[in-house]
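Descriptive analysis of the structure
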Amino acid sequence: MAPDTSSASGASPLTPPAPDDKPSAPPVNILPSLIARIYSIAHPALLLALGATRFEAVVADPTKELLSTLPWLTLVQIFYVIVCLPPAGSTPSTETSASAPADGRSSPRSSGPGGAVRHGKHGKRKQHANSWACIWSRLLPALLSLSLTFALATPVLTILLVLFGAPLTTHNSETVLCAAHMAVLSATALTYAHGLDRAVWNEVWGIARPADAVWGSALGTGLGAWFGAIPIPLDWDRPWQAFPITILVGAYIGHAVGSLLARTPLVYGKRVKFTVEEVSETEKKTN
């Protein structure tokens, strides 16, 4: 008898190969509708205009003004995600084609004598129902993402602000309101577009997401707030140097710049690379 060589040759040829790693979620595209494309560009300008018009009031009374402008910021962000972004688990193609027949032809029930009348009555009702279903399918994720933003992202950012030097025993209301503004700017769209996908949030915390309008605005908010803290300790004796005014100004500017810059062809889909080894490893995977 021939000797048994299965142990010497290693694993059996019938052994299935190890499964590949779960692919990363692709970059989020702005919805293809005309209003979505127009408003996605106007949205950063609207936020900057909101901050510029209320800047003097923020300098005069930060707590009161940040509290009064937070609902307006929330409404603007909710409108943005509903109009411009696909909710988690959906694609623009499925949303736009939900109310149309798959083969592009009319239903057989509408043919024949009197078919046009039946199609008119039932077609309008069906179209009206589909429009409400489409609105609800976007409004519900937007409200859920907003709830998670205030319940989870705001406390996390409050802790991070304190760890990065915000006062611990004083200015507590300013710290919480600053964190709330930053959370609405950065986390609302992320939660709306990705839900609670663990792989995506691991990439978020690892600063490894591919660039798009959603990730660019979130990363820009954080970087802008970090750079905005630079003028606070300088001895210029200006009233706008008080905490957290410059941090919020930097967050708003960073959000606008990151949202627009991440959509450009030179940046879209790219990832932040920290080491040469990481760059070479990524090139090997793509080749």
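Residues numbered from 1 in each chain as written. Predicted model: local features only at pLDDT ≥ 70, side-chain atom pairs only at ≥ 80, totals over all residues. Heavy atoms only, no water.

Observations regarding the side chain of D212
Relative to the helices and strands, D212 is located in the loop between α7 (198–205) and α8 (213–228). The residues contacting D212, other than those within four sequence positions of it, are P27, V28, A262 and Y268. (Helix = DSSP H or I, 4+ residues; strand = E, 2+ residues; numbered from the N terminus. Contact = heavy atoms within 4.5 Å.)

Comments concerning a nonpolar patch on the surface
Where nonpolar side chains cluster on the molecular surface, the patch consists of I159, L163, F164, L223, W226, F227, I230, L234 and W236 and spans about 1,000 Å² of accessible area. At the level of secondary structure, the elements contributing two or more residues to the nonpolar patch comprise α5 (115–163) and α8. On the basis of relative accessibility, which here comes to 35%, the residue L234 falls in the partly exposed class. (Patch = residues over 30% accessible without salt bridge, like charges linked within 9 Å, V, L, I, M, F, W, Y side chains within 5 Å. Areas by Shrake-Rupley, 256 points an atom, 1.4 Å probe, with all protein chains shown as cover. Salt bridge = Lys/Arg side-chain N within 4 Å of Asp/Glu carboxyl O. Buried < 20%, exposed > 50% of the residue type's maximum accessible area, 1.4 Å probe, protein only.)

Side note on the packing of aromatic side chains
Taken as a whole, this structure holds three aromatic pairs when the rule is applied. A ring pair is formed by W226 and F227, whose centres lie 5.0 Å apart and whose planes are at 70°; its orientation type is edge-to-face. F227 sits in the partly exposed class, given a relative accessible area of 48%. (Phe/Tyr/Trp six-rings, centres within 6.5 Å; stacked < 30°, edge-to-face > 60°.)

Some remarks on the UniProt feature "transmembrane region" (unreviewed entry) in the protein chain
Per the UniProt record, "transmembrane region" (unreviewed entry) is annotated on residues 142–164, 176–193, 213–230 and 242–262. Between the end C-alpha atoms of residues 242–262 there is a gap of 31 Å, over a span that is 81% helix and 0% strand. (UniProt positions renumbered as here; feature names shortened; annotations may be inferred.)

Considerations on the environment of I41
Along the polypeptide, I41 turns up in helix α1 (residues 34–53). Along the backbone, I41 and S259 are 218 residues apart, and their C-alpha atoms lie at a distance of 8.8 Å.

So, the nonpolar core
Y80, V81, C84, L85 and M182 are the most contacted members of the largest nonpolar core, which has 48 residues in total. Elements that contribute at least two residues to this core include exactly α1, α3 (62–84), α5, α6 (172–194), α7, α8 and α9 (245–261). Counting residues per element, this core draws most heavily on α6, which supplies 13 residues. Once residues within four sequence positions are removed from consideration, Y80 is found in contact with I30, Y39, S40, H43, L85, A213 and S259. (Core = buried A, V, L, I, M, F, W, Y, C linked by side-chain atoms within 4.5 Å.)

Overview of the pattern of salt bridges
Side chains carrying opposite charge are able to pair once their charged atoms draw close together. For the structure shown, the criterion picks out three salt bridges. E65 serves as the salt-bridge partner of R54, at 2.6 Å between the closest nitrogen and oxygen. Taken together, the positions of R54 in the loop between α1 and α2 (55–60) and E65 in helix α3 put the pair eleven residues apart, joining distant regions of the chain. In this structure R54 comes out as partly exposed when scored by relative accessible area, which is 34%. Among the ionic pairs, E203 bridges to R209, the shortest N-O distance being 2.8 Å. Pair check on accessibility: E203 and R209 agree, each one buried.

Topic: the packing of α6 against α8
As a packed pair, α6 and α8 sit with axes 9 Å apart at the nearest point and diverge in direction by 160°. Between α6 and α8, the angle is such that the two are roughly antiparallel. At the point where α6 passes α8, the crossing takes the left-handed sense. Where α6 approaches α8, its residues M182, L185, S186, A189, L190 and A193 are matched on the opposing element by V214, A218, T221 and A225. Taken together, the residues of the contact of α6 with α8 sort by class into eight nonpolar, two polar and no charged. (Axes fitted to C-alpha atoms, helices over the stretch in contact; angles between N-to-C directions. Parallel < 35°, antiparallel > 145°, perpendicular 65-115°, else oblique. Left-handed = near helix turned anticlockwise from the far one by under 90°. Nonpolar A, V, L, I, M, F, W, Y, C, P; charged D, E, K, R; others polar.)

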